Amino acid sequence: MTATQTSPALPAPEERCTEVFFDTLKSYQGIEKVVYDFQAGSLKAVYDPRVITNEQAVQVVRQAGQTASERVAQCAFKRERGLPACADCAGELNLSLMNQYAAAATLPTAAFSNHSITVSLNPDSPLNGQAAEFEQAFLPREGTQTEGKPLISQEALEVGLTALNAVAGLAAWLSAQLGADGLFIGLLYATSYVAGGFFGVRASIEALKEKTLNVDLLMLLAALGAAIIGAPAEGALLLFLFSLSNTLQTYAMDRSRKAIEKLLDLRPSVATVRRGSRLVTLPVEDLVLGDVVLVRPGERFPIDGQVLSGESDVNQATITGESMPVHKGPGETVFASALNGTGALEIRVTRLAQDTTLARIIRMVEEAQSTKANTQRRLDEFEKYYAIFVLGAAVMLIFLPWLALGHDFQPTFYRAMTWLVVASPCALVISTPASILSAIANAARNGVLFKGGVHLEQTAELKVVAFDKTGTLTSGEPILNDIYALDGDKIGLLRLAGAVEAKSEHPLARAIYQAAQQATPNLPAATEFRATPGQGVEATVEGRKLLIGNERLFFEKEIPLPAELQEKARAWEDSGQTVMYVYEFGASFLGLLAVADSLRADAIEMIKGLKAAGIQRVVMLTGDNPRVAAQIAVRAGVDEFHAGLLPQDKVSVLKTLQEKYGPVAMVGDGVNDAPSLATADIGIAMGGGGTDVAIETADVVLMSDDLRKIPFAIGLARRAEKVVWQNLVFSMAVIVILVASAFGANLPLPLGVLGHEGSTVIVVLNGLRLLGYKG
């Protein structure tokens with residue numbers, strides 16, 4: 001079958017420009033041959049109708065035309081501005097060629113006849129509008145331009161100001177001891193106060209704009225109060241310890257953020273790109289969709305792509321967390337930053353640099369780390385009112401003893417300033433984010449993406465984990481085990497069934513299609529295909545309308561099953577096989593197909609790990625028949641199973657489990673199980689490294705198909721919950737002890753500052769321990 005695209009003759013730019021369109025289209029799956037007549041300006045693509053339909057062929061030509069036009073337009077845009085152009089487009093590019101490519105991306109009509117399609121372009125398409133569209137498309141995106149970096153980073157400025165605060169404060173104290181000039185001493189203390197309070201003042205102003213009070217303001221007031229009563233050295237010490245504590249917090253928190261950002265360092269900055277017969281080196285940011293990139297043995301992949309040629313073992317632990325290399329061949333997906341093994345691979349770029357799986361992982365982690373957990377939100381809300389209480393109590397501690405009880409002002413004021421310090425909830429407020437950020441970063445480095453602190457907290461509370469059977473507890477790669485044909489022609493039955501199942505994406509359908517391809521390579525084409533989720537498929541093959549599915553499909557359609565077939569089917573199902581009936585409308589049943597899916601090697605170990613992590617109930621959900629489900633359930637060791645379920649039935653079962661046991665997690669592939677993932681308290685999608693839908697829909701994404709990551713994720717979440725509670729209890733205990741000491745033992749202000757800031761640093765360091773959790 002051919003897809004023919006004809007256009008008016010094009011002027012003759014350098015012939016290598018046509019390779020852009022040629023190479024792009026040829027790399028699409030299902031395209032077997034591409035013939036480009038440069039002089040006639042026509043393109044003929046020969047494709048396999050068993051792999052792509054006529055409609056899909058048109059879409060492939062459209063997409064290839066769009067991709068190629070963008071590549072050519074990019075080079076033209078660069079040349080117009082005197083920038084280096086891509087090597088294959090460095091020749092004379094004429095606008096007519098660009099216009100033809102642009103038109104290919106917006107094909108209006110397609111005529112089908114005799115197993116061929118002819119797509120007509122509009123030769124009068126206005127060029128200016130297309131050129132303007134291209135120019136806009138290749139201008140740098142908002143927010144992606146390289147902004148000028150500040151001369152001094154935030155971290156360096158914090159360290160510098162803290163050091164200046166310490167040096168100036170120490171010099172002022174020594175000068176006072178040596179009897180230096182008072183003005184000189186005052187300038188040194190002022191310098192120390194400004195340096196130590198710089199970030200605190202800025203944070204306090206921002207808080208006041210929002211009509212709230214924060215801990216920074218309490219610390220500043222306490223330091224100023226110490227200076228007012230003639231103890232500027234203690235105020236300077238307070239600001240030094242407060243500034244030092246904040247600097248250490250910044251450094252510690254950045255460790256958790258940078259733990260995942262360091263993955264970007266593993267991605268090469270340049271790529272070797274094939275341009276016809278030439279190889280050129282380009283920055284990764286200059287790669288466009290459809291580029292063919294060569295990755296040599298031992299090199300890291302610079303971009304996400306699909307393997308066109310070559311085979312190799314690829315270490316993709318940076319993305320999926322898998323410890324062992326994965327064999328890659330033509331048609332398989334590879335990820336930026338993965339390490340190539342011993343074979344050379346040519347890959348077609350499928351995502352731009354800013355859209356790679358690695359880039360999306362980093363963005364997701366950054367978003368997750370900026371999303372506050374429920375505990376943190378409650379503490380932030382608590383801080384607002386608590387700060388008001390502390391400040392109000394400080395005012396009362398000054399004026400009531402002084403005015404009402406006749407106490408001396410200076411010791412009264414000093415005690416109130418000590419109260420401001422020891423009662424401040426710094427450690428309490430930082431206790432949760434320090435732990436949550438570290439846990440999210442550790443999970444990401446191990447191929448588990450939590451979509452936010454809320455989901456990490458909810459994962460820690462799980463009581464039940466439910467699994468979809470196919471592709472989750474089982475390998476998802478079933479094989480055709482047996483065929484029963486009523487007329488004895490097994491090959492003929494398999495030929496018809498394979499033609500129907502060729503258009504289905506279900507794992508069982510793929511098993512039948514692959515077996516049919518091996519038995520009869522030239523399968524007929526199927527038309528009028530329609531799938532009924534959880535039941536089966538129907539299509540027309542060589543004028544025969546066929547129906548293939550489980551017992552439920554025929555029950556719904558009120559088609560009675562022959563006793564002979566039912567008896568045979570039950571025998572197969574009792575042995576753990578899934579049976580599908582084959583029926584021809586207007587005739588009769590043709591036979592049975594038996595398909596078996598094997599239990600994953602790590603499923604039993606994973607379920608034991610879930611029990612060890614404290615999960616009360618492990619449940620299996622499947623659309624398969626009860627006898628097959630029972631076989632898998634017993635071998636896997638799950639607590640209960642539910643079989644014969646449609647997608648809406650799985651949702652009902654999950655709701656029942658939630659009512660009976662409590663929080664429930666659902667583990668699926670993120671596509672077929674989308675309703676279930678949305679219903680569960682936590683949706684866990686597997687295999688997110690190559691599944692856009694999984695990354696977008698689930699609460700937790702496993703970047704590989706390693707089931708052992710599920711107990712790891714739950715164990716990490718529960719450890720994080722324990723650490724958070726440790727920090728909260730410790731922080732509150734320190735506040736109580738310091739407050740009691742301030743009023744019961746006249747705790748000096750410097751010791752109060754030391755206890756306050758020391759506790760803050762301790763809870764941050766305790767949270768950082770989660771970076772090392774291994775499960």
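Before reading on, note that the structure itself is shown above.
Below you will find a few notes about this structure. Computed from a prediction, not measured in an experiment: that's the story for all the values here.

1. Let's talk about the overall build of the protein
- Within the protein, the secondary structure is distributed over 26 helices and 26 strands.
- Counting the 775 residues in the protein, one finds 52% classified as buried.
- Taking the intrachain contacts of the protein between residues at least 6 apart in sequence as the baseline, contacts between residues at least 24 apart amount to 68%.
- Here the protein has roughly 34,700 Å² of accessible surface; of this, 56% comes from carbon and sulfur atoms.

2. Things to note about unusual backbone geometry
- You will see that Glu558, though not glycine, has its phi angle at about 60°, which is positive.
- We classify Glu558 as exposed; its relative accessible area is 70%.

3. Let's talk about the side chain of Gln535
- Inspection of the secondary structure puts Gln535 in the loop between β17 (526-532) and β18 (536-541).
- With relative accessibility at 13%, the residue Gln535 sits in the buried group.
- With near-sequence residues (within four places) excluded, Gln535 lies in contact with Gly549, Asn550, Arg552, Leu553, Glu556 and Leu646.

4. A closer look at the pairing of strand β24 (residues 664-668)
- Most of β24 is tucked away, with five of its five residues classed as buried.
- Judged from the four bridges that link them, strand β15 (residues 464-468) and β24 form a sheet pairing that is parallel. Its bridge partner being in β24, Phe467 is matched across the sheet by Val667.
- In this structure, β24 lies alongside strand β25 (residues 682-685), joined through four bridges in parallel fashion.

5. What to know about the packing of aromatic side chains
- This structure, assessed with the given rule, holds ten aromatic pairs.
- Considering the side-chain rings of Phe389 and Trp419, the 6.1 Å spacing of their centres and the 80° angle between planes classify their relative orientation as edge-to-face. Separated by 30 residues along the polypeptide, Phe389 in helix α11 (residues 374-404) and Trp419 in helix α12 (residues 409-422) bring together distant segments of the chain.
- Using a relative accessible area of 47% as the deciding quantity, one classes Phe389 as partly exposed.
- Measuring from centroid to centroid gives 6.2 Å for Tyr581 and Phe589, while their planes differ by 70°, and the two rings are edge-to-face.

6. Topic: the pairing of strand β13 (residues 345-349)
- Here β13 lies mainly inside the structure; five of its five residues are buried.
- Where burial is concerned, the two faces of β13 agree: the one with Leu345, Ile347 and Val349 and the one with Glu346 and Arg348 are both buried.
- The pairing of strand β9 (residues 305-309) with β13 spans four bridges and is antiparallel. Paired with Val307 across the strands is Ile347, a residue of β13.

7. Digging into the sheet that holds strand β14 (residues 448-450)
- Read from one edge to the other, the open sheet built from seven strands follows the order β14-β26-β25-β24-β15-β22-β23, with strand pairing classed as mixed. The strands lining the two open edges of the sheet, one partner per strand, are β14 and β23 (640-642). When the angles between neighbouring strand axes are averaged without regard to direction, this sheet yields 20°.
- Across the sheet, helix α25 (residues 709-744) is in contact with β14, β15, β24 and β26 (700-702); its angle to β14 comes to roughly 40°.

8. Structural notes on the packing of α12 against helix α26 (residues 749-768)
- Their axes nearest at 9 Å, the elements α12 and α26 cross at an angle of 5°. Taken as axis vectors, α12 and α26 run roughly parallel relative to one another. Contact with α12, carried on its side by Tyr414, Met417, Thr418, Val421 and Val422, involves Leu749, Pro750, Gly752, Val753 and His756 of α26 and no other residues of that element.
- Considered class by class, the residues forming the contact of α12 with α26 number seven nonpolar, three polar and no charged.

9. Describing the environment of Val582
- Relative to the helices and strands, Val582 is located in strand β20 (residues 578-584).
- On a C-alpha basis, the gap between Val582 and Leu494 in space is 9.8 Å, while along the polypeptide they are 88 residues apart.
- Each residue touching Val582, except ones within four places of it in the same chain, is listed here: Leu493, Leu547, Ile548, Phe589, Leu590, Gly591 and Leu593.

10. A closer look at the sheet that holds strand β8 (residues 292-295)
- If you trace the six strands from one edge of the open sheet to the other, you get β7-β6-β8-β13-β9-β12, paired in antiparallel fashion. Each edge of the sheet is formed by a strand with only one pairing partner; in this case those strands are β7 (278-283) and β12 (333-334).
- Pairing of strand β6 (residues 270-275) with β8 involves three bridges; the strand directions are antiparallel. If you follow Thr272 over to β8, its bridge partner there is Leu294.

11. Let's talk about helix α20 (residues 603-612)
- When we look at burial in α20, the residues that qualify are Ala603, Met606, Ile607 and Leu610. The arc that holds the buried residues of α20, viewed along the axis, is 100°, so those residues lie on one side. Facing away from the buried side of α20 by more than 90 degrees, the exposed set consists of Lys608 and Ala612.
- Summarising the contacts, the buried residues of α20 are in contact with β15, α15 (469-473), β22 (617-621), α21 (626-636) and α25.
- Once α20 finishes, Gly614 follows within two positions and takes phi at roughly 105°, a positive value.

12. Overview of the environment of Thr474
- Following the sequence through the fold, Thr474 ends up in the loop between α15 and β16 (479-485).
- We classify Thr474 as buried; its relative accessible area is 0%.
- Residues Thr474 and Asp602, 128 residues apart in the sequence, show an inter-C-alpha distance of 9.7 Å.

13. A few points about a nonpolar patch on the surface
- Together, Val395, Phe399, Trp402, Leu403 and Phe409 make up an exposed nonpolar region whose accessible area comes to about 460 Å².
- In terms of residues, the nonpolar patch owes the most to one element, α11, which gives four residues.
- Within the fold, Phe399 resides in helix α11.

14. Overview of the packing of α20 against α25
- The N-to-C vectors of α20 and α25 enclose an angle of 15°; their axes lie 8 Å apart at closest approach. The angle between the axes of α20 and α25 places the two elements in the roughly parallel class. By crossing handedness, the relation of α20 to α25 is classed as left-handed. Every residue of α25 that contacts α20 at Met606, Gly609 and Leu610 is listed here: Ile710, Pro711 and Ile714.
- Broken down by class, the residue content of the contact of α20 with α25 amounts to five nonpolar, one polar and no charged.

Here is what the cut-offs are and how they apply
Sequence positions are assigned chain by chain, starting from 1 and proceeding in written order. For a predicted model such as this one, the threshold for reporting local features is a pLDDT of at least 70, and the threshold for listing and counting side-chain atom pairs is 80 or more; totals across whole chains, interfaces and linings nevertheless cover every residue. Heavy atoms throughout the structure, all of them, feed into the side-chain values; hydrogens and water do not. For helices the rule is a DSSP run of H or I covering at least 4 residues; for strands it is a run of E covering at least 2, with both sets numbered from the N terminus onward. Burial classes: relative accessible area under 20% of the type maximum marks a residue as buried, over 50% as exposed, and values in between as partly exposed (1.4 Å probe, protein chains only). By the convention used here, residues are in contact when the closest approach between their heavy atoms is within 4.5 Å. Computed with a 1.4 Å probe, the accessible areas rest on the Shrake-Rupley method; for each residue, only the protein chains presented here act as cover. Following DSSP output, two strands are said to pair if at least two bridges run between them. Pairing of aromatic rings covers Phe, Tyr and the six-membered ring of Trp, with a centre-to-centre limit of 6.5 Å; geometry is then stacked below 30 degrees between planes, edge-to-face above 60, and tilted otherwise. Only C-alpha atoms enter the line fits that serve as axes; for helices the fit covers just the stretch in contact. Angles between N-to-C directions range over 0 to 180 degrees. Relative orientations are named as follows: roughly parallel for angles under 35 degrees, roughly antiparallel for angles over 145 degrees, roughly perpendicular for angles from 65 to 115 degrees, and oblique for any other angle. Following the grouping adopted for this structure description, the nonpolar residues are Ala, Val, Leu, Ile, Met, Phe, Trp, Tyr, Cys and Pro, the charged ones are Asp, Glu, Lys and Arg, and the polar ones are all others, Gly among them. Note: the arc covers the axis-to-C-beta directions of the helix. Residues enter a patch when their relative accessible area is above 30% and they make no salt bridge; the linking distance is 9 Å between like charges and 5 Å between nonpolar side chains (Val, Leu, Ile, Met, Phe, Trp, Tyr). Salt bridge, as applied in this entry: a Lys or Arg side-chain nitrogen positioned within 4 Å of an Asp or Glu carboxyl oxygen. Note on convention: the crossing is left-handed when the near helix lies turned anticlockwise from the far helix by less than a right angle, right-handed when the turn is clockwise.

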